[in-house]
Every structure is written in structure tokens, then in C-alpha cells.
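Listed below are the residues making up each chain.
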Amino acid sequence: MTYAALPDLVLEPLVRNALTEDMGTFGDITTRAVIPAGVTYQAKLNARDEGVVSGMQIARIAFHLVDPSLKIDTLVGDGAAVTKGQTLMTIEGAASSILMGERVALNFAGRLSGIASLTAQFVAQTSGTKTRITCTRKTTPGLRTVEKLAVLHGGGFNHRFSLSDAILIKDNHIAAAGGIRAVLDATKAVASHMVKVEIEVDTLEQLAEVLAVGGADNVLLDNMDTPTLIEAVKMAEGRVVLEASGNMKLDRIAEVSATGVDYISSGALTHSAMTLDLGLDF
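Below is a short write-up of the structure. What you see is a predicted model, and the numbers here were worked out from it, not measured in a lab.

**Re the environment of Thr 203**
And then number 1: Note that Thr 203 resides in the loop between strand 8 (197-201) and helix 8 (204-213).
And then number 2: For Thr 203 and Met 224, which are 21 residues apart along the polypeptide, the C-alpha to C-alpha distance reads 7.6 Å.

Structure below.
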């Protein structure tokens, strides 16, 4: 699926902060010392490995914030699969401006492309099933929007963005509130019709109680082995959306998706993705 780009104004503050951090108090003193004024160049942003690209929009914003006069040609859009050696973007103009924007652009694009690439690998393991891959809130502080966007670029889906998006009752909520019935009854009393309710269970006995009490739209099946997941799907009979979670690594995704769960959530998509090797070549 192809997603429309976010408006630049949503991403610009994030990129501006990163550039300010990198420029320090006196700018790029190396470039200012060795690159004469007026020197122009064309640089190419190249993939040094295969994967799925994310962060091209952010890279463009980074270069344009440094110097709006730079001519940027994005050859590969976010969400596209790329091969080793492929040119993703060309940047033409003042050499000093290109050098000043280089690291921030590459940091974002490499990190986000790594997330998109890992997500695509997870999604490929669900082939032939109805299961969707979704991320979690285990994101880099301050970068949640772009990391979740990278999951979309990789073919995955987004879980809630923040604590205010949906009611997600975890094991600690259940323990502190007095049990499954107590938390679900409390939720029924306050939840808006626009707010989804998900509850985490660790056992089939807890799932049975959730189904009996009612009030949950989704059930998170936490750290269950494959036979238990199969039984959970049978018990639910489609009455609630089932999300398998907990230690969901790439080598287990095909097996879990075959159980019939609706979603598999994995924090690894964002917290363990390797940066895709990208380079800016003059």
C-alpha cells in the first residue's frame, strides 16, 4: 500500500532540531575552513545494501532547511524496494550546504529505512494468512512519528501512537485494579464510543473471563506458545480482534501467523532494526 506523504510542516521541527544539534554553536567549521565560497557540486544519495526505503522526504527537508536553493531530485520514494548501488536522490548546488546537511539526512534515512526493511521482512512471513504486522510504543523518544511512518512504508500497521489513543489494559492495570472483571466494568463506564478497548491476557483462563465479561474490542495474547495461540483463536470465534505479542521475532512470524491471529505486534521493528547502509557520494 502507498501512503501519502505527511505535510513537510509536520516533520520540519524534528529535522530542524536535529540540524541545530549537529551545527552546534558555530556551525560546520570544517566545511567553512576548507570549501571556498561558490564551489558547487552534485552529490548522489546511494543505497549500499538492498532494502526498503523510508526517510527520503526527511532527507529532502534536511537539505532544503540548510539551503533552500539546493536542487534536489528524489528518484525513489518512501516505501520502495531498492537494490545495492541504486541512486535514491541527487542533490545539486553549493558544496558547503550539501556537506552541512549530509549527516542529519543520512542518519534519518538510514535509521528509518532499516525499520522499513525489517518490517517488510516480517510482513513477508505472513504471506497467505490474514495476519497483519504492527509496531508498538517501543520507539526512540522524540522519533515516534517518523519511526511509525517507517513501519507503514515497510508494509506494516501502526498500533496506538500514545497513551491517549486507546485503552490498553495491561497485566499491571489488572493487578492494581482488582482483576479482569473490575477493569472491564470500569472501562465500560467511561469509554467513549470512539475509543477502542484492548486487554492483555496471559492464559486461556483469562481469555475465557474476558469473553464472558465483555467490553473488550481487542485481546492481546501475551507470550503464548503456538498451541495456546491456536486454542485462543478457537475460543474467540471471531468475537474479538486477537493480537499476539511478546518475543515476536522474525523466525517465529510464519508459525504464529498460521494460527489465525489478526495481528502480531513486535517492538523489534523499531527497537532492534539495523540501519540500512546509505551513503552520500560526491
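We are not done yet, so read on.
**Some words on the sheet that holds strand 11 (residues 263-265)**
Hydrogen bonds between backbone groups are what pair the strands of a sheet, and the pairing can be parallel or antiparallel.
And then number 1: Read across the open sheet, the 6 strands follow the order 6-11-10-9-8-7; overall the sheet is parallel. In this open sheet, the two strands that pair with only one neighbour each are strand 6 (132-134) and strand 7 (167-169). On average, adjacent strands in this sheet sit at an angle of 25 degrees to one another, irrespective of strand direction.
And then number 2: Here strand 9 (residues 218-222) pairs with strand 10 (residues 241-245) via 5 bridges, running parallel. Bridging from a neighbouring strand, Leu 220 pairs with Glu 243 of strand 10.
And then number 3: The sheet contacts of helix 8 involve strand 8 and strand 9, and relative to strand 8 the element is tilted by about 155 degrees.

**Description of the sheet that holds strand 1 (residues 40-47)**
And then number 1: The strand order across the open sheet built from 4 strands is 3-5-1-12, with neighbouring strands paired in antiparallel fashion. Here the strands that pair on one side only, and so sit at the sheet edges, are strand 3 (71-74) and strand 12 (278-281). Taken pair by pair, the neighbouring strands of this sheet meet at an average axis angle of 15 degrees, ignoring direction.
And then number 2: In this structure, strand 1 lies alongside strand 12, joined through 4 bridges in antiparallel fashion. The residue bridging Ala 47 from the neighbouring strand is Leu 278, located in strand 12.

**Examining the packing of aromatic side chains**
And then number 1: Taken as a whole and judged by the stated rule, the model has 1 aromatic pair.
And then number 2: The residue whose ring lies beneath Arg 32 is Phe 26, and the NZ or CZ to ring-centre distance is 4.6 Å.
And then number 3: One Lys or Arg, Lys 148, reaches over the ring of Phe 161 and ends 5.2 Å from the middle of that ring.

How each quantity is defined
- Residues numbered from 1 in each chain as written.
- Predicted model: local features only at pLDDT ≥ 70, side-chain atom pairs only at ≥ 80, totals over all residues.
- Heavy atoms only, no water.
- Helix = DSSP H or I, 4+ residues; strand = E, 2+ residues; numbered from the N terminus.
- Pairing = 2+ DSSP bridges.
- Axes fitted to C-alpha atoms, helices over the stretch in contact; angles between N-to-C directions.
- Contact = heavy atoms within 4.5 Å.
- Phe/Tyr/Trp six-rings, centres within 6.5 Å; stacked < 30°, edge-to-face > 60°.
- Lys NZ or Arg CZ within 6 Å of the ring centre and 35° of its normal.

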